[in-house]
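Commentary on secondary and tertiary structure
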Amino acid sequence: MKRVGFIGLGVMGMPMATNILKAGYPLTVWNRTREKMRGLVSMGAVAGESPKDVAEKSDVVITMVADSPDVEQVILGSQGVIEGAHPGLIVVDMSTISPRVTIRIAKELEKKGVKMLDAPVSGGDVGATQGTLSIMVGGPEDAFKECLPIFQVLGKRITYMGSSGSGQITKLCNQVICALNIQAVCEGLMLAAKAGLDLQKMLNVVTGGAASSWMLSNLAPKMIKRDFEPGFKISHQLKDLHHALSLAEDLKIPLPGTALVSQLFRIVEALGMGDRGTSAAIVGMERISGFEIKASEGA
Ligand SMILES: NC(=O)c1ccc[n+]([C@@H]2O[C@H](COP(=O)([O-])OP(=O)(O)OC[C@H]3O[C@@H](n4cnc5c(N)ncnc54)[C@H](OP(=O)(O)O)[C@@H]3O)[C@@H](O)[C@H]2O)c1
C-alpha cells in the first residue's frame, strides 16, 4: 500500500484525508495552522514538520490548499515538497488553480524526476465527506493509473482528461456552469419573492422539472434559510471565475455570463462576506434589487 502525504486540511482536505486514513493508507499530514492536524493524529496519522518532511515520508503527496500561489509555496517554496523529492514520488494537486501555473509546477517537478497530476474535484464538502467526489485528472497517464486506487477512496466519477493542466481546465468549465446556475437560482428566488409566491412551494415544483440542478436542490434552501455557512467560499468561487475568464482571454473567446456573475460575487465579497458560502450570492442580488427575500414570503 502506498504511503500517502496530505497537505492542506481545510473544509475539503480534512474529510478527504480522513477517508484516506480510514481506508488503511499510512498517512502523514501537514497543515499551516498546526492545530488542525490534531484530530487526524489522534486517529493514527503522523504530523509532518513541513511539506518537505511529508514528501520524504510518502510515495504520493496530495495538496489541497487554496490558489496558485499557495500550491507553488507548498510544492516549490522553502521546505516545500520539491525539497523532499525522491525517485518514484508522485505529487497530486487537488486544489483548483490556474492551468498555466499547474503546467509550470509540473515542469519544475519533472526536473527532479517527480511526476505531477492535477486532479481538482467537484462535489463540495458533502462529496468530500462521503467519498463521492467527481475527480478530473490531467498529467502522465501512468501516474494516474498508479494513483487510481487512492482516487477511488475519495470519489466516484474519476476521469483521466489528458495532459498536464487538462484536469484544471475541466474544473474551470465546471465552475463556469456552477456559477451561472447560482445566478439563475438567485434570480428565480428574487422574482418569486417580489411576486409574493411561497418560496418553498415554488422550489418544490420547479425542482421536479427541467430547472432542476445541484445548485437548486442544495443552495436554494440555504438561501431561503439564510444559511451562509461554507461549503464553498465566495472567495474561492471568485478565484475560479478569475481563472476561467483569464483562460477565455488567452483563447480569445467571450464568456459574457461568467463575466457578469463574477461581478455579483465581487459585490458579495465587497459586503465583507468573502468567507461565507456561495449561498450568500443571494445577498448580492438583494442589495442591487433593494429588498430581501424572506422564508415566509407569500406563505
Ligand atoms: N469547499 C468546496 O466545496 C470545494 C469544492 C471543490 C473544490 N474546492 C477547492 O479545493 C481547494 C480547497 O478548498 P477548501 O474549501 O478546503 O478551502 P479552505 O477551507 O479555505 O482551506 C484551505 C486550506 O489551504 C491551506 N492554505 C491556504 N493557503 C496556504 C499557504 N499559502 N500555505 C499553506 N497552506 C495554505 C489552509 O491552511 P490554514 O488552515 O492554515 O488556513 C487550509 O488548510 C480550493 O482550491 C477550492 O477552490 C473546494
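Everything numeric in this text was worked out from a predicted model, so none of it was measured.

Looking at unusual backbone geometry
- Note the cis peptide between P230 and G231, where omega equals 10 degrees.
- For G231, the position within the fold is in the loop between α10 (214-225) and α11 (234-251).
- In this model, Q79 sits at a positive phi of 65 degrees, which is unusual for a non-glycine residue.
- Relative to the helices and strands, Q79 is located in the loop between α4 (68-76) and β5 (90-93).
- Non-glycine residue R226 carries a positive phi angle of around 55 degrees.
- Turning to its location among the elements, R226 is positioned in the loop between α10 and α11.

With respect to the packing of α11 against helix α12 (residues 256-273)
- Interaxial distance between α11 and α12 falls to 9 Å at its minimum, and their mutual angle equals 150 degrees. Considering the angle they form, α11 stands roughly antiparallel to α12. In this structure, α11 meets α12 at a crossing whose hand is left-handed. Of the residues in α12, those in contact with I234, S235, Q237, L238, L241, A244 and L245 of α11 are T258, A259, V261, S262, F265, R266, V268, E269 and M273.
- Tallied by class, residues from the contact of α11 with α12 come to 10 nonpolar, four polar and two charged.

With respect to the site of the ligand
- Of all residues adjacent to the ligand, which total 25 residues, the nearest are G10, M12, R32, T33 and F232.
- Contributing elements (two or more residues each) for the shell around the ligand: α4, β7 (121-122) and α6 (124-130).
- The leading source of residues in the shell around the ligand is α4, at three residues.
- Of the residues in the shell around the ligand, the class split is nine nonpolar, 12 polar and four charged.
- Two domains share the shell around the ligand, each providing at least three of its residues, namely domain 1 (4-163) and domain 2 (169-289).

A word on helix α9 (residues 199-207)
- Within the span of α9, buried status applies to L199, M202 and L203. Viewed along the axis of α9, the buried residues span an arc of 100 degrees, placing them on a single side of the element. Summarising the geometry of α9, the exposed residues directed more than 90 degrees from the buried face are K201, N204 and V205.
- As for α9, its buried residues are in contact with α8 (166-194) and α10.

With respect to the nonpolar core
- Counting 53 residues, the largest nonpolar core has A17, V29, V61, I62, V91 and V92 as its most contacted members.
- Excluding residues that lie within four positions of it along the chain, V29 makes contacts with F6, L9, A17, M37, L40, A45, A47 and G48.

Focus: the domain arrangement of the protein
- Taken domain by domain, the protein holds domain 1 (4-163) and domain 2 (169-289).
- If you average the C-alpha positions of domain 1 and of domain 2, the two centres end up 28 Å apart.
- Taken residue by residue, the interface counts 11 residues in domain 1 and 11 residues in domain 2.
- Classifying every residue of the side of domain 1 that touches domain 2 by side-chain character gives five nonpolar, four polar and two charged.

A short note on helix α1 (residues 13-22)
- Most of α1 sits inside the fold, with seven of its 10 residues counted as buried.
- Turning to α1, its buried residues are G13, M14, P15, M16, A17, T18 and I20.
- Buried residues belonging to α1 abut β1 (4-7), β2 (27-30), α2 (38-42), α6 and α7 (141-154).

Observations regarding the pairing of strand β9 (residues 155-162)
- Pairing analysis gives six bridges linking strand β8 (residues 133-138) to β9, with the strands arranged parallel. Each residue of the ladder has a partner; that of V137, found in β9, is Y160.

A short note on the pairing of strand β6 (residues 115-118)
- The alternating pattern of β6 places K115 and L117 and M116 and D118 on opposite faces, both of which are buried.
- Here four bridges tie β5 to β6, and the two strands are oriented parallel to one another. What sits directly across from V91, in β6, is M116.
- As for the winding sense of the linkage, the β-α-β connection from β5 through helix α5 (residues 99-111) to β6 is right-handed.

Topic: the packing of α8 against α10
- At a minimum axis distance of 10 Å, the contact between α8 and α10 shows a crossing angle of 50 degrees. Judged on the interaxial angle alone, α10 and α8 are oblique. Viewed along their axes, α8 and α10 form a crossing whose handedness is right-handed. For the pair α8 and α10, the contacting residues are C178, N181, I182, V185 and L189 in the first and M215, L216, L219, A220 and M223 in the second.
- For the contact of α8 with α10, the class distribution of residues is nine nonpolar, one polar and no charged.

Some details on the environment of L9
- Mapped onto the elements of the fold, L9 is located in the loop between β1 and α1.
- Classification of L9 as buried rests on a count of 27 C-beta atoms within 10 Å.
- Separated by 14 residues in sequence, L9 and A23 have C-alpha atoms that sit 17 Å apart.

Parameters at a glance
Residues numbered from 1 in each chain as written. Predicted model: local features only at pLDDT ≥ 70, side-chain atom pairs only at ≥ 80, totals over all residues. Helix = DSSP H or I, 4+ residues; strand = E, 2+ residues; numbered from the N terminus. Axes fitted to C-alpha atoms, helices over the stretch in contact; angles between N-to-C directions. Parallel < 35°, antiparallel > 145°, perpendicular 65-115°, else oblique. Left-handed = near helix turned anticlockwise from the far one by under 90°. Contact = placed C-beta atoms within 7 Å. Nonpolar A, V, L, I, M, F, W, Y, C, P; charged D, E, K, R; others polar. Near = placed C-beta within 6 Å. Domains from an automatic or database assignment. Buried ≥ 20, exposed ≤ 12 C-beta atoms within 10 Å, placed from the backbone. Arc of directions from axis to C-beta. Core = buried A, V, L, I, M, F, W, Y, C linked by C-beta atoms within 7 Å. Pairing = 2+ DSSP bridges. Right-handed = clockwise from strand over helix to strand, strands pointing away.

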